[in-house]
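# Understanding the architecture of this molecule
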Amino acid sequence: MATRTAEMVDRLRPAYGLDEDALLRYARDNVPGFPLGPVKLTVSQFGHGQSNPTFLLQVNSGVSVQRYVLRKKPAGHLLESAHAIEREFQVLEALGLHTQVPIPKVFSLCTDVSVIGTAFYIMEFLDGRLFTDPKLPGLTSGQRRNIYNETAKALASIHKVDPDAIGLKKYGRRDNYCKRQVERWAKQYLASTEDGKPYRNPKMLELIDWLRQHIPLQDSSKSVGTGLVHGDFRIDNLVFHPTEDRVIGILDWELSTLGNQMCDVAYTCLPYIMEMKYGDEVSYEGFEMTGIPEGIPSQAEFLTEYCIATGKPWPAAEWKFYIAFSMFRGASIMAGIYRRWIMGNASGGQRAQYGEKLANAFIDFAWGFINLKSVLPDQPPSLARDYSNKFQGENGDLKVASGRFLPSSQVLELRQKLLKFMKDHIYPMETEFSKRAHSNMRWTVHPEEENLKELAKREGLWNLWLPLDSAARARELLFDRVDFDSQGKWNNRLLGAGLSNLEYGYLCEVMGHSLSAPQVFNCGAPDTGNMEVLLRYGTKEQQQEWLIPLLEGKIRSGFAMTEPKVASSDATNIECSITRERDSYVINGTKWWTSGAMDPRCRLLIVMGKTDFNAPLHRQQSMILVDIKTPGVHIKRPLLVFGFDDAPHGHAEVSFENVRVPVTNILLGEGRGFEIAQGRLGPGRLHHCMRTIGAAERAMQLMVRRALSRKVFGKLIAEQGSFLSNLAECRIELERTRLLVLEAADQLDRLGNKKARGIIAMAKVAAPNMALKVIDIAMQVHGAAGLSSDTVLAHLYAVARTLRIADGPDEVHLGTIAKLELRRAKL
């Protein structure tokens, strides 16, 4: 069974007393959010873990309770290079700021030994489950498999980190890691066993010689298979969510460095080979010999899961070395623990007294493993998942097979998380959101929407739309700002997951199943298009003022181009004027269908108008940033779409009467409006197509569910010949449209907006027309209910029909396609 982290503490042992007054003074001055008033501090000690003493700090302030974790060096004489608290803090801080590796947030490092006697750091307390028995007793077989799969993914998340990109380039040497580690732990074993306390085992000295002679050839490389190494990665150093089978924290980074990552993998696999028990008896057989508990994958399956997630080659050839090395290192660590127990400063409590026995068990079993004839199959076992879609490249790395549009393991994992989030949180709230949207509070935001946004951030499902190249420009412009970086605002959640447009397509489709979903993940229009404009064309100052709060989801925005008095499908017709007057621009005109302007969170409008009515036709227009609270901006009325006002988002008619904004609000410069629009139209408009695929899939699901539950003329609707024909045609239309949209996304990634404009135009025409057909049949199957607000179908239909105009009229896209076809014919 799992143990909650809060239950793994004991009373503070006398040898580890802390100066609580000094600690309180330090925490108030250095830990953000630490209570400043009178508090009651309770300090207890974690018994789990035997290296650096670790404490739970419970701070009671009035009715509120806050908990922190303090981790410190042991007191007294320490072995050289051991107990590197400063390195632990360094790696945790870097991972927390720049990656999605699940780790506790660190707050402050104190190297002033006068505070509590040794260096220490304070970090976040993670309330979750910790499994100390790798057999996972008390869990179902499905839970066991989930726990092990998540363990493999957590290890992979560390190994996929680029140390150079997060400031850990000098965290260690990458080359000759195993060679140096053998010498390091050999030296530590000799130091721990000097004077015969504990006993120095001669078999250990023979093991050291064997390891020196069998260092893997790739160990000398600075790149192949090297990177960030945890050093002590095992299941009981992982904190799992209290109710979900996912890792929320990886603990104990004392041994982390740069080097050969397969050493981490082998150490994680030790329970398959050898079982450690604290007591008089030590089992020499892991559960791969005694019988794997139901649900736990085999060692080969676990390794396959890891290799899929990281793209690393199958390690069969060097597996004996890596396992033997892990046991050798374990023996050295246990000897050190026992040495500290003899000296009276072991932090693991009474378990430390068994260190000598465990050290010798490690040594014996290392030799037993070395003498085995075979330890791994030559090839990885085939899994039902996507390993069959991989093959060994010439350099030994795993490569994606040549099939078109094959989603990566990262995308598949994000998609599964999205589907679960939709099921658990979005669909159950749709009725509540709809009720509020039809009440007298419809122009206010449902508080649960903001709660779901925070949950989406924590799940790593935030800003998934953001293209990698746009994120790179934001980093380049903004990351030299120490104030933003030091406040912890910038991390991979705000700048997306580094996905291509094609990869995002699989996720955007899932969001399209619900009209409520895109905003929850900060992936809704027009914000994504407006953020794309700021990312691609905004200055550093414009990004700081507007992009940051948009990325954080603190504000919303609108895009004001269409005008009521002209045919705005031809943007050269627009009449809104943007006139330069000294250090200001003055804006006059009327816009409508400005989606988002009704939202109470809307703060920014991107307005397209004319700065020079006499310039060449496509150089007259400019885009400018307008704070919606600027005097002269008037939200005149919401506009209805087939009777829907889409509250609280809304589509507004907006007038601009002598609206004065600074000249610095112009985007890219005067006359560059069309250039910006073309850059904005690629990804943003394709997102509509992706979501429309999802809407059609939702309609298919509702249609089939209805057909299987309702009878007409003595038979289920699903048994009627006309329905079967319609259903089949819907599936055909949907699948070929999905392929067209994926092809458009792929060309957008490879060729850019301009060269992909033809296929994007095709997608814009095909997707809403397909969706209208599918949703119409779904409505027909539902009868009168399909036309009502009792189902989501009518609203989905209205949105799909709107896209044939709002996303540019079909006629414009068809003209683009035809012109390109004629141009090709003339070549």
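Looking at an unreviewed UniProt entry, one finds the protein chain named Acyl-CoA dehydrogenase family member 11, with Aristolochia fimbriata as its source organism. For the protein chain, the Pathway (unreviewed entry) comment in UniProt is given as "Lipid metabolism; fatty acid beta-oxidation." According to the UniProt record, the Subunit (unreviewed entry) comment for the protein chain is "Homodimer."

### Overview of the overall build of the protein chain
Looking only at helices and strands, one finds 25 helices and 23 strands in the protein chain. Relative to the globule expectation of 28 Å for 827 residues, the C-alpha radius of gyration of the protein chain, 31 Å, shows essentially globular dimensions. For the protein chain, the spread of C-alpha atoms along the principal axes amounts to about 95 × 65 × 60 Å. When the 827 residues of the protein chain are sorted by exposure, 56% land in the buried category. The contacts in the protein chain between residues at least 6 apart in sequence include a share of 74% that link residues at least 24 apart. When the accessible surface of the protein chain is totalled, it reaches about 36,000 Å², and 52% of it is carbon and sulfur.

### What about the pattern of salt bridges?
On inspection of all chains with the given rule, the structure shows 46 salt bridges. Between aspartate 364 and lysine 203 there is a salt bridge, and its shortest N-O distance comes to 3.5 Å. Remark: lysine 203 occurs in helix H5 (residues 202-213) and aspartate 364 occurs in helix H11 (residues 355-370); sequence separation between them is 161 residues. Given a relative accessible area of 42%, lysine 203 falls into the partly exposed group. We note a salt bridge from lysine 457 to glutamate 454, for which the minimum N-O separation is 3.3 Å. Of the two residues, lysine 457 and glutamate 454 both sit in helix H14 (residues 447-458), 3 residues apart, roughly one turn of that helix.

### Considerations on the sheet that holds strand S4 (residues 54-61)
Across the sheet, 6 strands lie side by side as S2-S3-S4-S5-S7-S6; this open sheet has antiparallel pairing. Two strands close off the open sheet at either side, each with one partner strand: strand S2 (9-11) and strand S6 (106-110). Along the sheet, successive strands turn relative to each other by an average axial angle of 30 degrees, direction set aside.

### Observations concerning the packing of aromatic side chains
One pair of aromatic rings is described through two measures. These are the centre distance and the angle between the planes. The tally for this structure, following the rule as stated, stands at 14 aromatic pairs. Ring geometry for tyrosine 26 versus phenylalanine 120: centroids 5.2 Å apart, planes at 70 degrees, classification edge-to-face. Here the residue tyrosine 26 occupies a position in helix H1 (residues 20-30), and phenylalanine 120 occupies one in strand S7 (residues 120-124), the gap between them amounting to 94 residues. Consider the rings of tyrosine 272 and phenylalanine 302, whose centres lie 6.3 Å apart with planes at 50 degrees: the pair is tilted. One end of the pair, tyrosine 272, is in helix H7 (residues 270-273); the other, phenylalanine 302, is in helix H9 (residues 299-310), and 30 residues separate them in sequence. Phenylalanine 302 carries the same exposure label as tyrosine 272, and that label is buried. The rings of Tyr148, Tyr272, Phe287 and Phe302 are connected pair by pair, giving a single aromatic cluster. Here the basic side chain of lysine 457 rests over the ring of tryptophan 462, its NZ or CZ set 4.8 Å away from the ring centre. Its guanidinium or amino end placed over the ring of tyrosine 585, arginine 580 lies 5.7 Å from that ring's centre, counting from NZ or CZ.

### A closer look at the side chain of serine 157
Looking at the secondary structure, you find serine 157 in helix H3 (residues 141-159). Residue class for serine 157 comes out buried when judged on its relative accessible area of 19%. Each residue touching serine 157, except ones within four places of it in the same chain, is listed here: Val101 and Pro102.

### A look at the packing of helix H23 (residues 757-782) against helix H25 (residues 810-826)
Closest axis-to-axis distance for the H23/H25 pair is 9 Å, and the angle between their directions is 140 degrees. Overall, the two elements H23 and H25 adopt an arrangement that is oblique. The element H23 and its partner H25 pack so that their crossing is left-handed. The residues of H25 that touch H23, namely those facing Arg757, Gly758, Ala761, Met762, Lys764, Val765 and Asn769, are Asp810, His813, Leu814, Thr816, Ile817, Leu820 and Arg823.

### Description of unusual backbone geometry
Here the residue pair alanine 525 and proline 526 is connected by a cis peptide bond, since its omega of -5 degrees sits within 30 degrees of zero. Counting through the fold element by element, proline 526 comes out in the loop between helix H18 (517-520) and helix H19 (527-537). Along the chain, alanine 647 connects to proline 648 via a cis peptide bond; the corresponding omega equals 0 degrees. Note on placement: proline 648 falls in the loop between strand S20 (633-638) and strand S21 (651-662). Even without being glycine, asparagine 176 reaches a positive phi, approximately 55 degrees. Structurally, asparagine 176 can be placed in the loop between H3 and helix H4 (177-192). For asparagine 176, a relative accessible area of 22% translates into the label partly exposed. With a phi angle near 55 degrees, asparagine 463 is a residue other than glycine that sits in the positive phi range. Structurally, asparagine 463 is set in the loop between H14 and helix H15 (468-478). Judged by its relative accessible area of 0%, asparagine 463 is buried.

### A closer look at the packing of helix H17 (residues 501-511) against helix H22 (residues 721-751)
Axis separation between H17 and H22 bottoms out at 8 Å; the angle between their running directions is 145 degrees. Only Arg738, Leu742, Ala745, Asp746, Leu748 and Asp749 of H22 make contact with H17, whose side of the interface consists of Asn501, Leu502, Tyr506 and Glu509. Its residues placed into classes, the contact of H17 with H22 shows 5 nonpolar, 1 polar and 4 charged.

### A closer look at a positive patch on the surface
Taken together, Lys754, Arg757, Lys819, Arg823 and Lys826 make up a surface patch of like positive charges. Among the elements that make up the positive patch, the one with the highest residue count is H25 (3 residues). Judged by relative accessible area, which is 66%, lysine 754 ranks as exposed.

### What to know about a nonpolar patch on the surface
Taken together, the side chains of Trp341, Ile342 and Met343 make up a nonpolar region of the molecular surface, amounting to roughly 270 Å² of accessible area. Relative to the helices and strands, isoleucine 342 resides in helix H10 (residues 319-343).

### Details of the environment of isoleucine 122
By the element assignment, isoleucine 122 lies in strand S7. Excluding residues that lie within four positions of it along the chain, isoleucine 122 makes contacts with Leu23, Tyr26, Ala27, Val31, Tyr68, Val69, Leu70, Val106, Phe107 and Ser108.

### What to know about helix H24 (residues 793-806)
One full turn of an α-helix is made of 3.6 residues, so residues set three or four places apart face in the same direction. For H24, with 14 residues, the first-to-last C-alpha span of 19 Å sits near the 20 Å given by 1.5 Å per residue. Along H24, the residues classified as buried are Leu793, Ala794, His795, Leu796, Ala798, Ala800 and Leu803. Positive phi appears at glycine 808, one or two residues downstream of H24, with a value of about 95 degrees.

### Focus on the environment of valine 39
Looking at the element boundaries, valine 39 is found in the loop between H1 and strand S3 (40-46). Between the C-alpha atom of valine 39 and that of glycine 62, which follows or precedes it by 23 residues, the distance is 7.5 Å. Not counting residues within four places of it along the chain, the set of residues in contact with valine 39 comprises Leu24, Arg28, Val59, Asn60 and Ser61.

### Here's the deal with H4
Across its 16 residues, H4 extends 22 Å between first and last C-alpha, which sits within 8% of the 22 Å expected from 1.5 Å per residue. Structurally, H4 contributes buried residues whose contacts are with H5, strand S9 (226-229), strand S12 (257-260), helix H6 (262-268), H10 and H11.

### Looking at the confidence of the model for the protein chain
Across the protein chain, the average pLDDT comes to 87, with 90% of residues at 70 or higher. Long-range and interchain partners of residues 383-403, a stretch whose pLDDT sits below 50, account for 41 contacts in this model, where long-range means more than four residues apart. Predicted confidence is poor over residues 481-492, with pLDDT under 50, and the contacts of this stretch with residues over four places away or in other chains come to 25 contacts.

### Overview of the state of the cysteines
The final tally for this structure, using the stated rule, is 0 disulfides. Its sulfur unpaired, cysteine 508 is 7.2 Å from the next cysteine sulfur, which belongs to cysteine 523.

About the cut-offs
- Residues numbered from 1 in each chain as written.
- Predicted model: local features only at pLDDT ≥ 70, side-chain atom pairs only at ≥ 80, totals over all residues.
- Heavy atoms only, no water.
- UniProt positions renumbered as here; feature names shortened; annotations may be inferred.
- Helix = DSSP H or I, 4+ residues; strand = E, 2+ residues; numbered from the N terminus.
- Rg over C-alpha atoms; globule rule 2.2 N^0.38 Å.
- Buried < 20%, exposed > 50% of the residue type's maximum accessible area, 1.4 Å probe, protein only.
- Contact = heavy atoms within 4.5 Å.
- Areas by Shrake-Rupley, 256 points an atom, 1.4 Å probe, with all protein chains shown as cover.
- Salt bridge = Lys/Arg side-chain N within 4 Å of Asp/Glu carboxyl O.
- Pairing = 2+ DSSP bridges.
- Axes fitted to C-alpha atoms, helices over the stretch in contact; angles between N-to-C directions.
- Phe/Tyr/Trp six-rings, centres within 6.5 Å; stacked < 30°, edge-to-face > 60°.
- Lys NZ or Arg CZ within 6 Å of the ring centre and 35° of its normal.
- Parallel < 35°, antiparallel > 145°, perpendicular 65-115°, else oblique.
- Left-handed = near helix turned anticlockwise from the far one by under 90°.
- Nonpolar A, V, L, I, M, F, W, Y, C, P; charged D, E, K, R; others polar.
- Patch = residues over 30% accessible without salt bridge, like charges linked within 9 Å, V, L, I, M, F, W, Y side chains within 5 Å.
- Lys, Arg positive; Asp, Glu negative; His and termini not counted.
- Charge placed at Lys NZ, Arg CZ, Asp CG, Glu CD.
- Expected span 1.5 Å × (residues − 1).
- pLDDT = per-residue confidence, 0-100.
- Disulfide = S-S within 2.5 Å.

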